Amino acid sequence: MGILQKVVKNEAMKSDPPQIYGWKVFFLSASACFGGMLFGWDIGAIGGILVMPSFTSAYGISKLSATAKANLQSNIVSTLQGGCFFGSLIAYWVADKWGRKPALLVASAITIVGIIIQCASDGHLSALYVGRLFAGLGVGAASMLTPLYVSENAPRAIRGGLTGLYQLFIATGTMLSFWVNYGTLGNLKGNAQWQVPLALQALPAIMLFVGLALCNESPRWLARNDNWEKATEVLSRLRNLPPTHEYIMMELDEMRDQLENERLLVGGASFMDLQKEMWLIKGNRNRALTSIGLMICQQMTGTNAINYYAPLIFLGLGIPEAQKGLFATGIYGVVKMVTCAAFLLLAADSLGRRRSLLWTSIAQGCAMFIIGFYVRFDTPVKGAPIPPFGYVALTCIFLFAAFFQFGWGPCCWIIVSEIPTARLRAMNVALAAATQWLFNFVVAQAVPHMLVTVGKGGYGTYFIFGSFCFSMFFFVWFLIPETKGMSLEKMDDLFGVTELVKEKIHNDEEAHHKPSEIHETTASAPRSNGHVDKSGAEVVHDDEVRAEGPAKI
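Caption draft 1: How the structure looks around helix α10 (residues 192-199). For α10, the complete set of buried residues consists of Q193, W194, P197 and L198. Considered in projection along α10, the buried side chains sweep an arc of 120° and stay on one side of the axis. Here the buried face of α10 lies against α4 (34-49), α5 (53-58), α7 (100-119), α9 (159-187) and α11 (202-213).

Rendered as structure tokens:
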């Protein structure tokens, strides 16, 4: 028994052939998930850069009032989110028309161009905005494409862990950028302090491009485009099994059945046909609304409030210097990465998605409330030593990071990429990603103002996010099903679409047979062209029945 079989506990792991867990699927997943590191690196980099004296001096931030400074900081951060919102929506169309792999390659190239513009801005705020907007288009596209591409290639038993690598790479990128900020602030002088962290964001974009160039197209996208020969070849190579193996045939049959069911429900494949399929069919509508709800909840945990403004938050909790704040932020990044890795290895495909979301909702809310109580009743004073309860609050920042990575971080991306139908998967994930970026934008805009205006020391900020966390428990309890160990095609059973298809087929068969019965009755009924027998009944000639039969059918 291999290590995967010992760690992952679900029915699919017990029944599926062990050959399918070869290095190819792990290489593919890791290569694609550099798209997550693009996002994570910017989260960590920009938060630290905003408090660097060289950056605030270059862009005139140090001369502004507290309110004006908050406005400018939120604008710099949220410009990227604006690009990401539109990038995720545009990527849906590109991914469906030309494929998942080409779309990811284009996303990485666009991000690199945006990073170059940011590095060359050199104190010109308008150029910085343009660079961040352009980079956002690539980052947003990658945020939608990465979980989509990985989920369509991953074996069902470990799909949660492989898709969740996206969140691990986000956390890893955040952690690395935190420490890059810490190192450059202590060892570089002048504009190089903030230009180097910005430039290094290109590393994951380059890794994404190189890695994806060596990988295959999604077999499910190929099947959706009726390229079954290529889909079989790709799936066989990815699973390390011959094309005639029963497991390969089973996966292909499930793809074929799902696509056929979708075409039965809504025949066409135009944009409006797909919109009808998503919103007029109850099971598909529920999946779309579930995806939107999960992404709203993920952002309202407050995680990106801490990610973007961690140095500012640590300063607000009593850590006095930018250097020490960046060190604490670096530790925060390490905690996120380690706990996310532990979740993917131990819980994603064993404990499952639903239970992970439930317990972390309560845990996150408790951590946020403890921080809020500290700021409310023992507001940190600049220059004063941190009181004992202050260290408890600081610990809760790290505990919050751990709880988030054990539930709401990876699980949302796993669920939204696995529950949609084949024809709607790209659109559904794009809708979820756009929602995530929209509320990411809202949080990035609001938090600097909340920390200044919502109560003394901004204590209300933590109570607001904590209350959202508690409410998410009920959202999950009533609306989120468990999906671990299920194939993508079996999601139709879970959301009731398969039953709808069976009902439609049954109704179509009844409608088809009904005219036939009428025809048979009519064939033996009196006709004026026949002759009348002794009983007075009119007899129809055989050739007349034969002539009418096919026309009636």
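What follows picks up the thread again.
Caption draft 2: Structural view of unusual backbone geometry. Positive phi is not limited to glycine here, since D226 has a value of about 60°. Within the element layout of this structure, D226 appears in the loop between α12 (219-224) and α13 (228-239). A positive phi angle, close to 60°, is found at N240, a residue other than glycine. Here N240 shows up in the loop between α13 and α14 (246-265). The class of N240 is partly exposed, set by a relative accessible area of 34%.

Caption draft 3: Region of interest: the packing of aromatic side chains. If you walk through the whole model with that rule in mind, you get 25 aromatic pairs. Seen from their ring centres, F85 and F86 are 5.2 Å apart, and the 85° between their planes marks the pair as edge-to-face. We classify F85 as partly exposed; its relative accessible area is 24%. Measuring from ring centre to ring centre gives 5.7 Å for F343 and F406, while their planes differ by 70°; the resulting arrangement is edge-to-face. Of this pair, F343 sits in helix α18 (residues 322-346) while F406 sits in the loop between α20 (388-405) and α21 (410-418), placing them 63 residues apart in sequence. By the burial criterion, F343 is buried, and F406 matches it. Grouped by ring-pair contacts, the aromatic residues F369, F373, F377, Y459, F463 and F470 constitute a single cluster. Note that R256 overlies the ring of W228, its terminal NZ or CZ placed 4.4 Å from the centroid.

Caption draft 4: Structural context of the nonpolar core. Residues F55, M144, L294 and W408 are the most contacted members of the largest nonpolar core, which totals 144 residues. Sort the elements by how many residues they give to this core and helix α22 (residues 425-453) lands first, with 12 residues.

Caption draft 5: Molecular detail of the packing of α21 against α22. Between α21 and α22, whose axes approach to 8 Å, the crossing angle comes to 150°. If you check the angle between α21 and α22, you find them roughly antiparallel. For the pair α21 and α22, the contacting residues are W413, V416 and S417 in the first and R425, N428, V429, A432, A433 and Q436 in the second.

Caption draft 6: Expanded view of the pattern of salt bridges. This structure, assessed with the given rule, holds 16 salt bridges. In this structure, R100 engages E152 in a salt bridge whose closest nitrogen and oxygen atoms are separated by 2.9 Å. Note that R100 is positioned in helix α7 and E152 in helix α8 (residues 125-153), a separation of 52 residues in sequence. Judged by its relative accessible area of 0%, R100 is buried. Overall, E152 belongs to the buried group, its relative accessible area being 1%. Two residues, R220 and E251, come together in a salt bridge whose shortest N-O distance is 3.2 Å. Highlighted residues: R220 in helix α12 and E251 in helix α14, separated in sequence by 31 residues.

Caption draft 7: Representation of helix α3 (residues 23-32). All of the buried residues along α3 are V25, L28, S29, S31 and A32. Looking straight down α3, one finds that the buried residues subtend no more than 165° of arc, so they occupy a single side. Where α3 is buried, its residues meet α4, α8, α9, α11 and α13.

The rules behind these values
- Residues numbered from 1 in each chain as written.
- Predicted model: local features only at pLDDT ≥ 70, side-chain atom pairs only at ≥ 80, totals over all residues.
- Heavy atoms only, no water.
- Buried < 20%, exposed > 50% of the residue type's maximum accessible area, 1.4 Å probe, protein only.
- Helix = DSSP H or I, 4+ residues; strand = E, 2+ residues; numbered from the N terminus.
- Arc of directions from axis to C-beta.
- Contact = heavy atoms within 4.5 Å.
- Phe/Tyr/Trp six-rings, centres within 6.5 Å; stacked < 30°, edge-to-face > 60°.
- Lys NZ or Arg CZ within 6 Å of the ring centre and 35° of its normal.
- Core = buried A, V, L, I, M, F, W, Y, C linked by side-chain atoms within 4.5 Å.
- Axes fitted to C-alpha atoms, helices over the stretch in contact; angles between N-to-C directions.
- Parallel < 35°, antiparallel > 145°, perpendicular 65-115°, else oblique.
- Salt bridge = Lys/Arg side-chain N within 4 Å of Asp/Glu carboxyl O.

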